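Listed here are the chains, written in short residue letters.
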Amino acid sequence: MHLYPDYSLKAYNTFGLDAKASHFARLQKAEDLSPLLLHNYSPIFILGGGSNVLFVNNFEGLVIHNEIGGIAARQQLNGKVIVEAGGGVNWHQLVCWCLDHDLGGIENLSLIPGTAGAAPIQNIGAYGVELKDVFYELEAMDLETGKLHRFKKEDCDFAYRNSIFKQSLRGKVLITRILIELTSISHNINTSYGAIRDTLAEAGIKQPTIKDVSEAVIKIRTEKLPDPLKIGNAGSFFKNPEISQEQFEELRRRFPNIVHYPGSGGLIKVPAGWLIEQCGWKGYRSGAIGCYEKQALVLVNYGGGSGNEIWNLAQEIIASVEGKFGIQLNPEVNILG
Ligand code: FAD
Ligand code: EPU
């Protein structure tokens, strides 16, 4: 396999940052990984679509770009269908493939950038559905031993924007393929998210199909989120924080309009976008970087900004939210360097 020295990652991260990798390789077949590992490069970073990473500096090590392709499906006895996708398959293309084959379950996850292999890393989620809801199994290669392992759902510790691959196995495996279990009949149409219901109602759709739901999600997303091909960004920069009932009640006394949702384990989820907007950051711009005018949770690079500038802005936002609300924001984006 060819190794490229001093390789620009500009086209490989959705912030459009011109960071360099000291070594870069494309992985098209899982079998090619073991020989690559024999070179003992360290550190190694697995890159998919680069839609959830911030390169603060150049990367001194080996970046492996996952390009393992292929989509296949097999019928299950329970009437469901298992769809298997190579880790390098574009996630939205997988969604479209499933819709074309009338397979339901991931339509609410339409238009999320990135690869199928990265989807389990943070248990991607949007509009009332998370990957874990359809997850069946994955195959991953241990980057130290070169051995392939299978992970069932219960092995992955999926939670909100979290999994074992972000915790104890962080940076230790490469996900070569994923398997998801979808419906071929009696689709479960999930319109629990208010914006989906509103969009379908506006279009006069009373009995939506999975394609209708996908189109509604695409409409909502394109209205709210910047297209990385036009404005560099990595989606939500921070996770939505969850706070105790007690802290929430105390905050509600001071901020009666505080937006909130039920969180996990009795906690209260407060949208980070609301907290950031309340601190006055929405629409902020300094040179080439800023906080998106339509969605305060998205930090943007209008072109020519550096990873360092974005990271400094993120630190300022964290400090001001902490100062005003006593809530610590944590990045969703994977910070490198
Ligand atoms: P990368 O950014 O390349 O990598 C992310 C992390 O995963 C890195 O740590 C990397 O090392 C690791 N990784 C990647 N591939 C593999 C692999 N095969 N094996 C092991 N580790 C791997 N996310 C959501 O959950 N919901 C959303 O609604 C959403 N909306 C977004 C909207 C926009 C406009 C953008 C730019 C991003 C959005 N995201 C969203 C974030 C992002 O799309 C997802 O996190 C996506 O899964 C990242 O995929 P990727 O291939 O680009 O991963
Ligand atoms: N809000 C504001 N100001 C803003 C943005 C949001 O006040 O500038 C408030 C609004 O009250 C709004 C609420 O926050 O009702 C929630 O906003 P939105 O529906 O846009 O969702 P979000 O919580 O900001 C999350 C995910 C998104 C996902 C959407 C839809 C996280 C960190 N982000 O955003 O995921 O697409 O819900 O499910 O959980 C991503 O992870 O990159 C991402 C884009």
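Predicted model only: the values in this text are computed from it and were never measured.

### With respect to the site of ligand 2
Taken together, 23 residues lie near ligand 2, and Tyr127, Tyr160, Glu277, Ala296 and Glu332 sit nearest. One of the side-chain nitrogen or oxygen atoms of Lys282 is found 3.0 Å away from an oxygen atom of ligand 2. Against a free-state accessible area of 820 Å², the protein chains account for coverage of 82% of ligand 2. Taken together, the elements giving at least two residues each to the shell around ligand 2 come down to helix H4 (210–224), strand E13 (232–236) and helix H6 (272–278). Here the element with the most residues in the shell around ligand 2 is H6; it accounts for 3 residues. Its residues placed into classes, the shell around ligand 2 shows 11 nonpolar, 5 polar and 7 charged.

### Some words on the sheet that holds strand E7 (residues 80–86)
In space, the 5 strands of this open sheet follow the order E6-E7-E12-E10-E11, with antiparallel pairing throughout. The sheet terminates laterally at strand E6 (71–75) and strand E11 (148–152), the two strands that pair on one side only. Neighbour to neighbour, the strand axes of the sheet diverge by 20° on average, direction disregarded. Strand direction decides the pairing type here: E6 and E7, joined by 5 bridges, are antiparallel. Bridge assignment links Ala73 to a residue of E7, and that residue is Val83.

### As for the domain arrangement of the protein chain
When its domains are assigned, the protein chain resolves into domain 1 (3–66), domain 2 (71–183) and domain 3 (232–336). It is Phe15, Asn52 and Leu54 that lose the most area in domain 1 upon contact with domain 3, and together they represent 53% of the buried surface on that side. Here domain 1 and domain 3 share 0 salt bridges between them. The interface formed by domain 1 and domain 3 contains 6 residue pairs in polar contact (both at pLDDT 80 or more). Looking at which element gives the most residues to the side of domain 1 that touches domain 3, the answer is strand E4 (residues 53–55), with 3 residues. A breakdown of the residues in the side of domain 1 that touches domain 3 according to their chemical character gives 8 nonpolar, 5 polar and no charged.

The rules behind these values
- Residues numbered from 1 in each chain as written.
- Chains lettered and ligands numbered in written order.
- Predicted model: local features only at pLDDT ≥ 70, side-chain atom pairs only at ≥ 80, totals over all residues.
- Heavy atoms only, no water.
- Near = heavy atom within 4 Å.
- Polar contact = N/O pair within 3.5 Å; in protein donor to acceptor, adjacent residues only side chain to side chain.
- Areas by Shrake-Rupley, 256 points an atom, 1.4 Å probe, with all protein chains shown as cover.
- Helix = DSSP H or I, 4+ residues; strand = E, 2+ residues; numbered from the N terminus.
- Nonpolar A, V, L, I, M, F, W, Y, C, P; charged D, E, K, R; others polar.
- Pairing = 2+ DSSP bridges.
- Axes fitted to C-alpha atoms, helices over the stretch in contact; angles between N-to-C directions.
- Domains from an automatic or database assignment.
- Buried area = accessible area lost by both parts, 1.4 Å probe.
- Salt bridge = Lys/Arg side-chain N within 4 Å of Asp/Glu carboxyl O.

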